[in-house]
Amino acid sequence: MSETTDRAIRKLRKAAAKPKGRVTMTDIARAAGCSQATVSFVLNNSPGIRLSRQTRERVIEAARALGYSAPAFSALKPVAAFEGAFDGSAFEGIDGVIGFAVDQLATSPEAVVAIEGARQASWNAGNVLLVAQTMGDAVMEPRAISALTRRGISALIYMTIFTREITAPDFLYGLEIPVILLNCYTADYAFPAVVPSEIAGGQSSTRHLISHGHRRIATITGEPWMQAAQDRLKGYRRALATADIPFDPELVVEGDWSASAGYAATVKLLTLKDRPTAIFCQNDRTAIGCYEALKEAGLHIPADISVVGYDDEEIARHLFPPLTTSILPHMAMGQWAIEQLEASAIVGRGRYPITKLECPLVERESVATFKGVA
């Protein structure tokens, strides 16, 4: 082992000294100083990928130091004996297959993030995840789920891309396996369900601006028929009420989650005689348009107007300045669904509470303390 590699491993051991909760490939990548893709290639012994011995060594050492315990990794040979061969024997310990049905997969990143959370948790427990896109089609959806059950799934995660109350199709009630609802719920509480805590998220975003001295706080909403838009607006109004700030309907502009709508809404807000000192954009794409409109008007973020987004998409950290935003917890929701199955808490049919997961605020450089009259 080279001296450089040895120093790197000592450093990552120190970084990994106090792991918290379930170890993921993201944790390993952070400790090893490489990308999550590199970690995946090493731990899964992916064929045709040329990585240096030092990189493989660093990733495997980080995984062992953090206590990573997926079956594929447990069967992985030490780097010193690494031969690059893979015969599938690493998966002998798998004891279950979990189905994951989602209505839309390709239109937004949320479904992919939730699936990855469930995949990580499944693999850590030695289970395989099978995914089907159903489009919510009345004919094809039951056929898709029937195809999953014929492959021997031991449980089903049923996800909708938009957070909402659903009328569960009859075939879900007829399944003789546990069913978890992700990003949706039913009025009869027949299935365990998990959704984002959107009201609290909207409240936290607005409260963050209030804590920096802002009182003229505008918000650009999503489409009003969507529950996420309704709940984030409720959170905004609650934060204002708690701080004794009167609600001003002029400061609420309807959008449609797009950058173009964010641009148009910001232009409209800037025409107000008493313009806002801060804008809560109810998703990050809206914030992109907001940034463009503010810069076009010759205003600086956050010196002239502070901006907050929502969702924590990858683009948020690359905007200038980097965008303060809230994490939409789809990764954690996918992990939560698997944890419910591991806990064996689902026995037969009953009434289950709706679990709401926090949307943590990520503070970056787009918010400043308000110091004077706009």
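Structural notes, computed from the coordinates. Because the structure is a prediction, the values reported are computed rather than measured. (Residues numbered from 1 in each chain as written. Predicted model: local features only at pLDDT ≥ 70, side-chain atom pairs only at ≥ 80, totals over all residues. Heavy atoms only, no water.)

This part takes up the overall build of the protein. Looking only at helices and strands, the protein has 13 helices and twelve strands in total. Across the 374 residues of the protein, 50% fall into the buried class. Taking contacts inside the protein between residues at least 6 apart in sequence as the whole, the part at least 24 apart equals 71%. Surface exposure of the protein reaches about 17900 Å², of which carbon and sulfur atoms provide 53%. (Helix = DSSP H or I, 4+ residues; strand = E, 2+ residues; numbered from the N terminus. Buried < 20%, exposed > 50% of the residue type's maximum accessible area, 1.4 Å probe, protein only. Contact = heavy atoms within 4.5 Å. Areas by Shrake-Rupley, 256 points an atom, 1.4 Å probe, with all protein chains shown as cover.)

Reading across the sheet, the six strands line up as S2-S1-S3-S4-S5-S11 and stay open at both edges, with parallel pairing between neighbours. Edge positions in the sheet fall to strand S2 (127-133) and strand S11 (354-357), since each of these pairs with one other strand and no more. Sheet twist, expressed as the mean angle between neighbouring strand axes with direction ignored, is 20°. Note that strand S5 (residues 193-196) and S11 share four bridges and pair parallel. Bridged to proline 196 within S11 is leucine 357. Seen against the sheet, helix H7 (residues 140-150) touches strand S1 (96-102), S2 and strand S3 (155-165) and runs at an angle of roughly 150° to S3. (Pairing = 2+ DSSP bridges. Axes fitted to C-alpha atoms, helices over the stretch in contact; angles between N-to-C directions.)

Quick look at helix H6 (residues 109-124) now. With 16 residues, H6 should reach 22 Å at 1.5 Å per residue; the first-to-last C-alpha distance of 23 Å fits that figure. Those residues of H6 not exposed but buried are Glu110, Ala111, Ala114, Ile115, Gly117, Ala118, Arg119, Gln120, Ala121, Ser122 and Asn124. Positive phi shows up at glycine 126, right after H6, with a value of about 85°. (Expected span 1.5 Å × (residues − 1).)

Moving on, we come to the nonpolar core. Ranked by size, the top nonpolar core spans 34 residues in total, and within it Leu209, Leu269, Ile279, Cys281, Leu294, Val307 and Leu323 carry the most contacts. Contributing elements (two or more residues each) for this core: helix H9 (198-211), strand S6 (217-221), helix H10 (227-242), helix H11 (259-270), strand S8 (278-281), helix H12 (284-296) and strand S9 (306-308). The residues touching isoleucine 279, leaving out its near neighbours within four places in the chain, are Leu209, Ala218, Ile220, Thr266, Leu269, Cys290, Ile305, Ser306, Val307 and Val308. (Core = buried A, V, L, I, M, F, W, Y, C linked by side-chain atoms within 4.5 Å.)

Counting buried residues along S3, eight of its eleven residues qualify, which places the element largely inside the surrounding structure. Alignment of S1 against S3, held across five bridges, turns out to be parallel. Bridge pairing links phenylalanine 100 to isoleucine 157 in S3. Relative to strand S4 (residues 179-185), S3 runs parallel, the two being bridged by six bridges. Of the residues in S4, the one forming a bridge with glutamate 165 is tyrosine 185.

We now examine the side chain of threonine 206. Within the element layout of this structure, threonine 206 appears in helix H9. Assessed through its relative accessible area of 0%, threonine 206 is described here as buried. Polar contacts involving the side chain of threonine 206 include one to the main-chain carbonyl oxygen of glycine 202, which spans 2.9 Å. Leave out the neighbours within four places in its chain, and threonine 206 touches Ile217, Tyr236, Ala239, Leu240 and Phe280. (Polar contact = N/O pair within 3.5 Å; in protein donor to acceptor, adjacent residues only side chain to side chain.)

The N-to-C vectors of H9 and H10 enclose an angle of 40°; their axes lie 7 Å apart at closest approach. For the element pair H9 / H10, the angle class is oblique. Seen along the crossing, H9 lies across H10 with a hand that is right-handed. Counting all contacts with H9, which are made through Glu198, Ile199, Gly202, Gln203, Thr206, Arg207 and Ile210, the residues of H10 involved are Ala228, Asp231, Arg232, Lys234, Gly235, Tyr236, Arg238, Ala239, Leu240 and Thr242. Here the residues of the contact of H9 with H10 are counted per class, giving six nonpolar, five polar and six charged. (Parallel < 35°, antiparallel > 145°, perpendicular 65-115°, else oblique. Left-handed = near helix turned anticlockwise from the far one by under 90°. Nonpolar A, V, L, I, M, F, W, Y, C, P; charged D, E, K, R; others polar.)

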